[in-house]
Amino acid sequence: MKFQFINDIMTYDGTQLRSHFIFGKTGILGDSIVSFVGPADVPLKNMVDLADVAAKENIYSTSMVHFIVEHFDSNLDATILKQRLLSAIAAEELWKYDRCRGVERKGDDLYDGEKKLSVSIATASPVSCLIHFAINIKCDKTPCPTKGLSDYDVDPRVFADAVMAKYVDEMNSAAEARCKVRAVE
């Protein structure tokens, strides 16, 4: 599995959550995770979370650090667990900063008290399973009470690189663990 930070500022609008987005943007083929910084503005027609669509809850932020993950040998149940692992890794990275001690993971999202830090979704395509996970950098005009990395003086690029490296390490370690066991009868 490979990872890369994309230096281009991009608005996440939901269309990036598709098969081979990472390959088209970076040339990385296969299981991978990328990160980039930019706003989020997801119209209802691009939303994957049907509960959010039914509630007409839009996703908007002026600045987030986004992660897109693609796995080709996964089913949706396994990908949802990987999504939660990614969220837990992000929480662990934040806990390294004294100001972030109040951050906790609830399901696939991160909170500081009642303030939400992240958005996240996992879905399946015909050829792969995908995850979008993002954390606010700034909290201007968000549709609900939020906090962001700027509230904690956390550098988004340093944070993104650390999260991606740990996620790839976990995936590679899990693949190795799968290969080193013998069958039982």
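Before reading on, note that the structure itself is shown above.
Residues numbered from 1 in each chain as written. Predicted model: local features only at pLDDT ≥ 70, side-chain atom pairs only at ≥ 80, totals over all residues. Heavy atoms only, no water.

### A look at the sheet that holds strand β4 (residues 103–106)
Strand pairing in a sheet relies on backbone hydrogen bonds, with the paired strands running either antiparallel or parallel. Worth spelling out the cut-off: Strand pairing requires that DSSP identify at least two bridges connecting the strands. Here a helix means four or more residues in a row that DSSP labels H or I, a strand means two or more in a row labelled E, and each is numbered from the N terminus.
Read from one edge to the other, the open sheet built from 3 strands follows the order β4-β5-β6, with strand pairing classed as antiparallel. Sheet topology places β4 and β6 (115–116) at the edges, where each strand pairs with a single neighbour. One ladder, built from 2 bridges, connects strand β5 (residues 109–112) with β6; its direction is antiparallel. In the sheet register, Tyr111 faces β6, and the bridge partner there is Lys116.

### A look at the layout of surface pockets
Spelled out, the test is: Buriedness for pockets is judged along seven lines, at least five of which must meet protein on both sides within 12 Å for an open set on the 1 Å grid over protein atoms alone, while cavities are sets there where a 1.4 Å probe fits but cannot get out, and lining residues have an atom within 4 Å of a point. Grid points are joined across faces, edges and corners, and a volume is the space filled by probe spheres set on the points. Polar here means any residue other than Ala, Val, Leu, Ile, Met, Phe, Trp, Tyr, Cys and Pro, which are nonpolar, and Asp, Glu, Lys and Arg, which are charged; Gly is therefore polar.
Taken as a whole, the largest pocket encloses approximately 470 Å³ of empty space. What lines the largest pocket is a set of 28 residues, and nearest its centre among them are Asp52, Asn58, Ile59, Lys116 and Val119. Contributing elements (two or more residues each) for the lining of the largest pocket: β3 (59–71), β7 (118–124) and β8 (129–138). Looking at the lining of the largest pocket residue by residue, the class counts come to 12 nonpolar, 10 polar and 6 charged. Roughly 220 Å³ of internal volume is contained in the second largest pocket. If you trace the second largest pocket, you find it lined by Met1, Asp31, His71, Asp73, Lys82, Met171, Asn172, Ala174, Ala175 and Arg178. The biggest single contributor to the lining of the second largest pocket is helix α4 (residues 156–179), with 5 residues. Its residues assigned to classes, the lining of the second largest pocket shows 4 nonpolar, 2 polar and 4 charged.

### Focus on the environment of His71
Short version of the rule: Partly exposed describes any residue whose relative accessible area lies between the buried limit of under 20% and the exposed limit of over 50%, with all areas from a 1.4 Å probe on protein chains only and scaled to the type maximum. Residue contacts follow a heavy-atom distance rule, with two residues in contact if any of their heavy atoms lie within 4.5 Å. In the analysis that follows, any N or O atom pair within 3.5 Å is treated as a polar contact, provided that within protein one partner can donate a hydrogen and the other can accept it, and provided that, for residues neighboring in sequence, both atoms belong to side chains.
With respect to the secondary-structure elements, His71 resides in strand β3. By relative accessible area, His71 is classed as buried at 2%. Considered as a pair, His71 and Cys129 are 58 residues apart in the sequence and their alpha carbons are 5.3 Å apart. Non-local contacts of His71, meaning those with residues more than four positions away in its chain, are made with Met1, Asp31, Lys82, Ser128, Cys129, Tyr167 and Met171. Here the side chain of His71 touches Asp31 through a polar contact of 3.4 Å, side chain to side chain.

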